[in-house]
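Descriptive structure summary
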Amino acid sequence: MIGPMQLYVGLTPAYSPHISESKTCSPCHTLISNSVDLTGVPTGTTFVEQATYHEYLNSDFPLVEMATCQTCHMPKIEDPIKIANGYTALPGRTPFNLHTFAGAKQFHGATHQRQQSKLRGVCSRSNVRFNTQSKHSTIKTRNADLISQFDSSGNDTAYFSIQLKNKAGHKFPSGYPSRRAVVQFVALKANGDTLFSSGLFDNDYEVKNISTPFEAHHDFIHSSTQAQIYEMVMGDVNGNKTTVLERAFAPLKDNRIPPRGFTTLHSAYDTCAIVGDALNDLDFNKTAGLEGKGHDIIHYHLPLGGYSGNLSVEVKVFYQTLPPAFLDEMKTFSSAEIDTFLSMYANANKSPFLVKSDSLINILIPVGIGSNTT
Ligand code: HEC
Ligand code: HEC
């Protein structure tokens, strides 16, 4: 029997093992741009905008875990799958690799259509509907692990540490530069009043109280005006923050959590470097000086303001595909494409995607810890 490709498009597909290798994904998931200055004149230098493949090379996944991009993004299922619609006699194929290419997000509005037209069939989620259930959940549970811990109290302060472990085969988040992860930390008093909060969103899903032009990486958070945001921030020729891809000249911050096995000594490190305060953070991808841990530990020091009694803490890690401020600069330009995109964005569901959450309840802060009693 002849297959659907021979029948409908007159092409005979041939098997090649390279399609199962990570190198198949690397040409597109490595993006190096030619930088321009603010007047559009090329600077003659390049900027590594996306280096998912290099991040992966600089990890345990290719050689220790023996996992390819496809292992996670195109997981194998053993059930026989019909690879084309409207072809009833076609026998099921097994094994079959899912073609969903799920990332962390659930942002089907504006960007979905954009990708569909940009991709022309490669990597699209739904050009062909396979007779199977979406396994988005596998990729979601493999994102990151979160461990929250109450350490101690003293000096009118309660000390907590939050460990976030990256389980992806590259940085978390990876890919397009707008992607970011936000850690939200809220501590409530016994009567339900908020004692401390960090990383809350406003109505537009921008993080409240963060610094401009961007929030630095934190090892310690001791005020509600600080929040941990894992992101890459691009700088232009003058060292100012930019979200215009062509103007990107050098990164100002990159504290996206490295994958397990990532080191500053790897030959691909220059294309996926850690930038900014995360470099000086002793538990960012490190334990006792040893690199490659694939985690970050954030230390929250909560000013108690004299409070004693029970505390409960809720920690949430959110993933944001396209935070509102990423479009601020775009809004200063105008074209038919920009206008269309901005109206699609306005109508899209922009609520951040909850990656992980954890809570600690009934932590007793003894009388005498507060400043008014000590
Ligand atoms: C011919 C170029 C090309 C190749 C080859 C390619 N991709 Fe992509 N991929 C893209 C583009 C373009 C996007 C959309 C990026 C965007 O708009 O954010 C994308 C998006 C994705 C996404 C994100 C989907 C989402 O949720 O938004 C994943 C995951 C992905 N690709 C994985 C892979 C893997 C794994 C391979 C190798 C098996 C691969 N890609 C090969 C071009 C490619
Ligand atoms: C160990 C599992 C694993 C491996 C191996 C892996 N990924 Fe991922 N990938 C993930 C997870 C989990 C996410 C979602 C979290 C994130 O964005 O980092 C993701 C996200 C992505 C995204 C971003 C999607 C978006 O929504 O923007 C791209 C692109 C991507 N992966 C491509 C690749 C490529 C290319 C490779 C191989 C070089 C690869 N991945 C290897 C698990 C993996």
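Okay, so let's go over this structure. Numbering of residues begins from 1 in every chain and follows the order in which that chain's sequence is written. Chain A is the first chain written and ligand 1 is the first ligand written, with later ones labelled in order. Note on the predicted model: pLDDT of at least 70 is required for a residue's local features to be given, and 80 or more for side-chain atom pairs to be given and counted; whole-chain, interface and lining totals, by contrast, use all residues. Excluding hydrogens and water, the side-chain figures rest on all heavy atoms present in the structure.

Thoughts on the pattern of salt bridges
Within this document, salt bridges are pairs made up of a side-chain nitrogen of Lys or Arg and a carboxyl oxygen of Asp or Glu, the two lying within 4 Å of each other. Using the criterion set out here, one finds nine salt bridges in the structure. Of the charged contacts in the structure, one is a salt bridge between R260 and E65, with a shortest N-O distance of 3.0 Å. Taken together, the residues span a long stretch of sequence, with R260 in the loop between β13 (250-254) and β14 (284-287) and E65 in the loop between α2 (52-57) and α3 (69-73) at a distance of 195 residues. Categorising residues by exposure relies on relative accessible area from a 1.4 Å probe, with only protein chains included: less than 20% of the type maximum marks a residue as buried, more than 50% marks it as exposed, and the intermediate range marks it as partly exposed. For R260, a relative accessible area of 25% gives the class partly exposed. Residue class for E65 comes out partly exposed when judged on its relative accessible area of 35%. For E329, the salt bridge is made with R247, and the minimal N-O distance between the two is 3.9 Å. Placement of E329 in the loop between β16 (309-320) and α6 (336-347) and of R247 in the loop between β12 (241-242) and β13 is noted, with a sequence separation of 82 residues between them. One network of salt bridges, in which partners are shared, links E55, K171, D254 and R256. Numbered from the N terminus, helices here are DSSP runs of H or I no shorter than four residues, and strands are runs of E no shorter than two.

Points about a nonpolar patch on the surface
Together, I2, M5, L7, Y8, V9 and L11 give the surface a local cluster of nonpolar side chains, amounting to about 590 Å² of exposed area. Here Y8 lies in helix α1 (residues 4-9). Like charges within 9 Å and nonpolar side chains (Val, Leu, Ile, Met, Phe, Trp, Tyr) within 5 Å are joined into patches, using only residues over 30% in relative accessible area that form no salt bridge. Using a 1.4 Å probe, accessible areas were evaluated by the Shrake-Rupley method; residue-level cover was limited to the displayed protein chains.

Some words on the coordination of the iron atom of ligand 2
Counted as donors are N, O and S atoms no farther than 2.8 Å from the metal, or 3.2 Å for Na, K and Ca; water is not among the atoms, and sites may therefore look incomplete. At 1.9 to 2.0 Å from the iron atom of ligand 2 lie its protein donor atoms, namely H73 (NE2) and H170 (NE2). Every geometry call rests on angle ranges, with four donors termed tetrahedral when all angles are between 85 and 135 degrees, four termed square planar and six termed octahedral when opposite donors are over 155 degrees apart and all others are between 65 and 115, and everything else termed irregular. The coordination sphere of the iron atom of ligand 2 comprises six donor atoms, whose angles at the metal cover 88 to 179°; the geometry is octahedral. One end of the pair, H73, is in helix α3; the other, H170, is in the loop between β6 (157-166) and β7 (180-189), and 97 residues separate them in sequence. According to the relative accessible area criterion, H170 is buried, its value standing at 17%.

Comments concerning the nonpolar core
Residues belong to a common nonpolar core when they are buried Ala, Val, Leu, Ile, Met, Phe, Trp, Tyr or Cys residues joined through side-chain atoms within 4.5 Å. Ranked by size, the top nonpolar core spans 38 residues in total, and within it F160, L164, F185, Y230, Y300, L302 and L311 carry the most contacts. For this core, the secondary structure elements donating two or more residues are β5 (144-154), β6, β7, β8 (194-198), β15 (290-303), β16 and β17 (353-365). In this analysis, two residues are considered to be in contact whenever any of their non-hydrogen atoms come within 4.5 Å of each other. In this view, L311 contacts A158, F160, A187, L188, K189, L195, L304, L360, I361, N362, I363 and I365; residues no more than four positions away in its chain are not counted.

A word on the site of ligand 2
Note on definitions. A residue lies near a molecule or strand when any single heavy atom of the residue is within 4 Å of it. Looking at ligand 2, there are 26 residues lining it, with C69, C72, H73, H170 and R179 nearest. Pairing of N or O atoms within 3.5 Å defines a polar contact, subject to two protein rules: one partner must be a possible hydrogen donor and the other a possible acceptor, and residues neighboring in sequence count only if both atoms are side-chain atoms. Contacts to ligand 2 include K171, whose backbone N or O atom sits 3.2 Å from an oxygen atom. Separating an oxygen atom of ligand 2 from a backbone N or O atom of S174 is a distance of 3.4 Å. Breaking the shell around ligand 2 down by element, the ones donating at least two residues are α2 and α3. All residues other than Ala, Val, Leu, Ile, Met, Phe, Trp, Tyr, Cys, Pro, Asp, Glu, Lys and Arg, Gly among them, are scored as polar; the first ten of these are nonpolar and the last four charged. Classifying every residue of the shell around ligand 2 gives 12 nonpolar, nine polar and five charged.

Considering the sheet that holds strand β11 (residues 232-235)
Reading across from one edge, β12-β11-β13 is the order of the three strands in this open sheet, with antiparallel pairing throughout. Of all strands in the sheet, those with a lone pairing partner are β12 and β13, marking the two edges. In this sheet, β13 lies alongside β11 in antiparallel orientation, the contact comprising four bridges. Across the sheet, residue G235 finds its bridge partner in β13, namely A250. By definition, two strands form a pair when at least two bridges between them are found by DSSP.

Regarding α6
A turn of α-helix holds 3.6 residues, and therefore any two residues three or four places apart point the same way. Expected helix span is taken as 1.5 Å per residue step, with the number of steps being one fewer than the number of residues. For α6, built from 12 residues, the straight-helix expectation of 16 Å at 1.5 Å per residue is met to within 8% by its first-to-last C-alpha distance of 17 Å. If you check which residues of α6 are buried, you get I338, F341, L342 and Y345. What you see down the axis of α6 is that its buried residues fit within an arc of 100°, all on one side. Structural note: α6 exposes A336 and N347 on the side pointing more than 90 degrees away from its buried face. Relevant arc is that of directions from the helix axis to the C-beta atoms, nothing else.

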